[in-house]
Amino acid sequence: MSVLDDDVARRPGVWRDLWRDRMGRSGLIMMVAVLFVVLVGPMIFPFQSQSFGTSSASILQPPSAAHWFGTTELGQDVFRQFLLGGRISLYVGVFATVIAIVLGAGLGLVSGYYAGWRDAVLMRITDFFLVLPTLPLIIVLAALFGQSIVITSLVIGLTSWPQTARIIRSQVLSLRERALVLRVRSLGASNYRIMARHILPNVAPLIFANLVLVLSGAILAQAALAFLGLGDPVQVSWGTMLHNAFNAGAMSTGAWWYILTPGAGIVVMVLAFSLIGHSLDRVLNPLRRSQR
Amino acid sequence: MRGSYWVRKLASLAATLYATVSFNFLLFHVLPGNPVQLLARSGHYDAAARRQLVALFELNHSLLDQYVIYLNNTLHGNLGFSYVYREPVTTVLGSAIGNTLLLVGTATFITVVVGVWLGVVAASRANSLTDATVSVTSLSLWSMPDFFTGMILIFVCGVWIHVLPISGIESSGLASGGLAHVLDIARHLVLPATTLVLVNAAEFSLITRNSLVDTLVEDYVLTARAKGVSRRAIVWRHALRNALLPIVTATALYVGMVLGGAIQVETVFSWPGMGLLIYNAVEQRDYPVLEASFLIFAIAVIVTNFASDVLYRLLDPRVRRT
């Protein structure tokens with residue numbers, strides 16, 4: 001094995017393999033579709049009917065030509081809320097994931113690279129947060145500190161990093177002993193340079209695989225928070241829509257459009273990212289790779 | 001070295017529990033201010049009662065003294081006083097703990113059995129259509145929020161084809177303790193438990209599948225095959241035993257997830273457990289109940305983790321020798 005073989009990131013095959021894998025390809029296609037609907041949708045379908053219904057006849061109406069996905073308990077257009085709500089769900093998911101990945105990958109990198117007492121201390125802390133039940137902790141933090149989308153993102157981000165830290169650390173632990181790193185170190189490269197130029201690129205695919213899984217978890221966590229009434233009251237997300245639908249008795253009145261529309265949005269968004277994550281996991285795991 | 005392992009393990013358990021209780025103190029008593037400020041924010045506050053409250057919560061002491069008082073109270077099972085129910089939190093928690101145990105326990109048992117079985121089916125036909133179907137179905141169900149799955153089940157079973165009760169734990173007017181009563185609770189249990197199984201089975205089926213696929217290429221599997229052992233027997237008797245080890249670890253992580261799921265599912269089905277209690281506590285800003293519920297959930301997860309570590313050691317002699 002030559003020194004360059006250590007560089008996983010330089011292997012162009014990861015992305016091609018992801019596209020070749022049936023799961024990976026479905027995930028990528030679904031992701032593009034969701035991003036299109038959420039980011040471009042509100043521009044293509046600029047519905048005027050943001051106003052509340054004027055009469056009781058406009059409340060919880062089934063899908064029609066005027067309201068493609070029916071109306072809410074206040075007579076609002078479900079399709080419009082759906083298009084705008086996706087942005088909120090995605091915003092919180094991405095914001096929280098960035099925080100979690102920076103924290104998790106950073107701690108994992110430092111912990112694995114320096115090993116020794118820094119590693120021992122950091123991993124004790126990581127393990128402590130790893131065992132705390134995540135969603136209950138997120139609920140407690142949201143109940144104590146507020147429910148605007150920024151605070152929600154912070155709360156989810158600050159509780160979703162331990163798993164990433166663990167995974168990155170164990171990979172870095174093995175990388176630091178490899179020929180490439182030893183050679184660069186003997187040439188006098190600084191610790192910072194070794195981490196940034198040689199270790200980080202090698203764990204990048206792993207970080208990315210983890211990122212998509214953290215992202216789907218964050219979107220689910222935001223949905224659960226909003227459903228439990230801890231969502232931002234002004235920024236209506238898909239979870240908030242389901243909260244409103246549940247409280248308005250949409251199930252007993254048979255208003256399936258009000259439940260299925262935001263629900264399907266969450267499921268497709270989360271599924272897209274988890275398909276990519278699991279596919280990447282397969283592609284990056286050489287043992288299982290050889291058996292395919 | 002055997003004794004020293006247990007000493008270390010128990011010491012670490014004690015340290016984690018201590019850290020959890022301290023973290024809870026930090027979370028509820030230091031970061032957001034003190035209980036009286038929380039009470040003010042929660043709306044259950046009367047300005048005239050402030051002095052009395054400060055004395056009641058012993059806030060006239062230093063933070064360190066408050067911490068010691070808190071530790072002492074927690075150790076003696078005194079978890080505070082609910083703002084809403086105007087009863088000790090322990091009284092409020094009372095039956096809720098049992099109801100959650102019933103729901104989560106039943107769901108967990110079925111989840112593990114169904115998940116492992118599906119994982120075995122997928123792995124023994126690795127890369128076939130069955131394998132792909134199991135994996136994709138598992139992932140799709142995993143991608144559904146617990147509360148959304150519950151809402152769909154309510155819609156299908158409760159609104160379209162009135163077959164099963166969709167709310168609560170029992171029908172009114174049944175004498176407690178009789179067979180009819182037990183069956184009634186079981187009927188109420190079906191939908192919430194099914195929701196948790198549907199969402200969480202994927203966790204186990206995917207781990208079992210991957211772990212079993214890795215195990216099936218080991219040398220001893222090849223040896224068994226060479227000896228003429230049937231494929232079925234190899235999978236179920238030889239490989240699965242070893243492949244199950246990651247499942248033991250996964251169960252511990254799963255407990256943390258299923259408790260989050262229980263909060264959502266109990267809310268959707270009005271199941272009177274800890275989850276519904278947490279939902280109501282959040283809605284009414286009943287912080288002492290929220291605090292105690294979180295502490296109990298955290299301790300439950302830590303103890304399960306400890307148990308799974310111990311179980312792993314008992315199951316895998318290789319760990320014991322090293």
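From a predicted model like this one, the values you see are computed outputs, not experimental measurements.

The rules behind these values
- Residues numbered from 1 in each chain as written.
- Chains lettered and ligands numbered in written order.
- Predicted model: local features only at pLDDT ≥ 70, side-chain atom pairs only at ≥ 80, totals over all residues.
- Helix = DSSP H or I, 4+ residues; strand = E, 2+ residues; numbered from the N terminus.
- Buried ≥ 20, exposed ≤ 12 C-beta atoms within 10 Å, placed from the backbone.
- Contact = placed C-beta atoms within 7 Å.
- Core = buried A, V, L, I, M, F, W, Y, C linked by C-beta atoms within 7 Å.
- Nonpolar A, V, L, I, M, F, W, Y, C, P; charged D, E, K, R; others polar.
- Domains from an automatic or database assignment.
- Axes fitted to C-alpha atoms, helices over the stretch in contact; angles between N-to-C directions.
- Parallel < 35°, antiparallel > 145°, perpendicular 65-115°, else oblique.
- pLDDT = per-residue confidence, 0-100.
- Left-handed = near helix turned anticlockwise from the far one by under 90°.
- Expected span 1.5 Å × (residues − 1).
- Bend = angle between axes of the 7 residues up to and from the residue.

What follows covers the overall build of chain A. Secondary structure assignment for chain A yields 12 helices and 0 strands. Ordered by position from N to C terminus, the α and β elements of chain A give α-α-α-α-α-α-α-α-α-α-α-α. Within chain A, the fraction of its 292 residues that count as buried is 48%. Considering only residue pairs separated by 6 or more positions, chain A has 72% of its internal contacts joining residues 24 or more positions apart.

Moving on to the overall build of chain B. Counting secondary structure elements, chain B contains 14 helices and 0 strands. Secondary structure elements of chain B occur, N-terminal to C-terminal, as α-α-α-α-α-α-α-α-α-α-α-α-α-α. Residues classed as buried in chain B amount to 37% of the 322 residues present. If you take every contact in chain B between residues at least 6 apart in sequence, the share linking residues at least 24 apart comes to 70%.

Every buried residue belonging to helix H6 (residues 149-159) of chain A is among Thr152, Ser153, Val155, Ile156, Gly157 and Thr159 of chain A, and all of these are buried. The elements touched by buried residues of H6 of chain A are helix H3 (78-114), helix H5 (134-145) and helix H9 (191-230) of chain A.

With that out of the way, let us pick up the nonpolar core. Residue and element names in this part refer to chain A. Grouped together as the largest cluster of nonpolar side chains are 157 residues, with contacts concentrated most on Ile138 and Ile139. Per element, the largest residue contribution to this core is 22 residues, and it comes from H9. With sequence-adjacent residues up to four places away left out, isoleucine 138 is seen in contact with Val155, Ile156, Thr159, Ala221 and Leu225.

Counting residues at the interface gives 38 residues for chain A, matched by 37 residues for chain B. Put simply, the parts of the chain that give the side of chain A that touches chain B at least two residues each are helix H4 (116-131), H5, H9, helix H10 (238-247), helix H11 (256-284) and helix H12 (286-291) of chain A. Counting residues per element, the side of chain A that touches chain B draws most heavily on H11 of chain A, which supplies 10 residues. Per-class residue counts for the side of chain A that touches chain B are 27 nonpolar, 9 polar and 2 charged.

Further remarks concern the domain arrangement of chain B. How large an interface is tends to be reported as the accessible area lost when its parts come together. Residues and elements named next belong to chain B. Per the domain assignment, the segments making up chain B are domain 1 (2-75) and domain 2 (95-316). Inter-centroid distance (C-alpha atoms) of domain 1 to domain 2 is 32 Å. Within the residue set of the side of domain 1 that touches domain 2, elements represented by two or more residues are helix H1 (2-30) and helix H2 (35-42). It is H1 that contributes the most residues to the side of domain 1 that touches domain 2, 7 residues altogether. Its residues placed into classes, the side of domain 1 that touches domain 2 shows 5 nonpolar, 5 polar and 1 charged.

Turning next to the packing of helix H11 (residues 245-269) of chain B against helix H12 (residues 274-283) of chain B. All names here are of chain B. As a packed pair, H11 and H12 sit with axes 7 Å apart at the nearest point and diverge in direction by 80°. Overall, the two elements H11 and H12 adopt an arrangement that is roughly perpendicular. Across the interface between the two elements, Ala262, Ile263, Val265, Glu266 and Thr267 of H11 pack against Gly275, Leu276, Ile278 and Tyr279 of H12. Considering only residue class, the contact of H11 with H12 consists of 6 nonpolar, 2 polar and 1 charged.

Turning our attention to the confidence of the model for chain B. Across chain B, pLDDT averages 83, with 90% of residues at or above 70. Per-residue pLDDT, averaged within each element of chain B, yields its smallest value for H2 of chain B (65) and its largest for H12 of chain B (91).

Residue and element names in this part refer to chain B. Where helix H6 (residues 129-142) meets helix H8 (residues 179-215), the axes come as close as 7 Å, and the angle between the chain directions of the two elements is 140°. By the criterion of interaxial angle, the relationship of H6 to H8 is oblique. Taken as a pair, H6 and H8 cross one another with a handedness that is left-handed. Residues Val134, Ser135, Ser138, Leu139, Leu141 and Trp142 of H6 touch H8, and the partners they reach there are Leu198, Val199, Ala201, Ala202, Glu203, Ser205, Leu206 and Arg209. Tallied by class, the residues present in the contact of H6 with H8 amount to 9 nonpolar, 3 polar and 2 charged.

Our next topic: H11 of chain B. Residues and elements named next belong to chain B. The first and last C-alpha atoms of H11 sit 34 Å apart over 25 residues, in line with the 36 Å expected at 1.5 Å per residue. In the structure, H11 departs most strongly from a straight axis at tyrosine 254, where the bend amounts to approximately 30°. In terms of burial, H11 is largely enclosed, as 20 of its 25 residues are buried.

On to the confidence of the model for chain A. Residues and elements named next belong to chain A. With 87% of its residues at a pLDDT of 70 or more, chain A has an overall mean of 82. Segment residues 1-10: pLDDT under 50, and 15 contacts once partners within four positions in sequence are set aside and those in other chains are kept. Across residues 287-292, where pLDDT falls below 50, the model places 6 contacts with residues more than four positions away in sequence or in other chains.

Take unusual backbone geometry next. In the Ramachandran plot, alanine 115 of chain A falls in the positive-phi region, its phi being about 50° despite a non-glycine side chain. Its place among the elements puts alanine 115 of chain A in the loop between H3 and H4. Non-glycine residue arginine 285 of chain B carries a positive phi angle of around 50°. Position of arginine 285 of chain B relative to the elements: it lies in the loop between H12 and helix H13 (287-315). For arginine 285 of chain B, a count of 18 C-beta atoms within 10 Å corresponds to the partly exposed category.

All names here are of chain B. Take isoleucine 247: it is sitting in helix H11. In this structure, the C-alpha to C-alpha distance between isoleucine 247 and glutamate 203, residues 44 residues apart in sequence, is 9.3 Å. Setting aside residues up to four positions removed in sequence, isoleucine 247 forms contacts with Val116, Phe204, Ile207 and Thr208.

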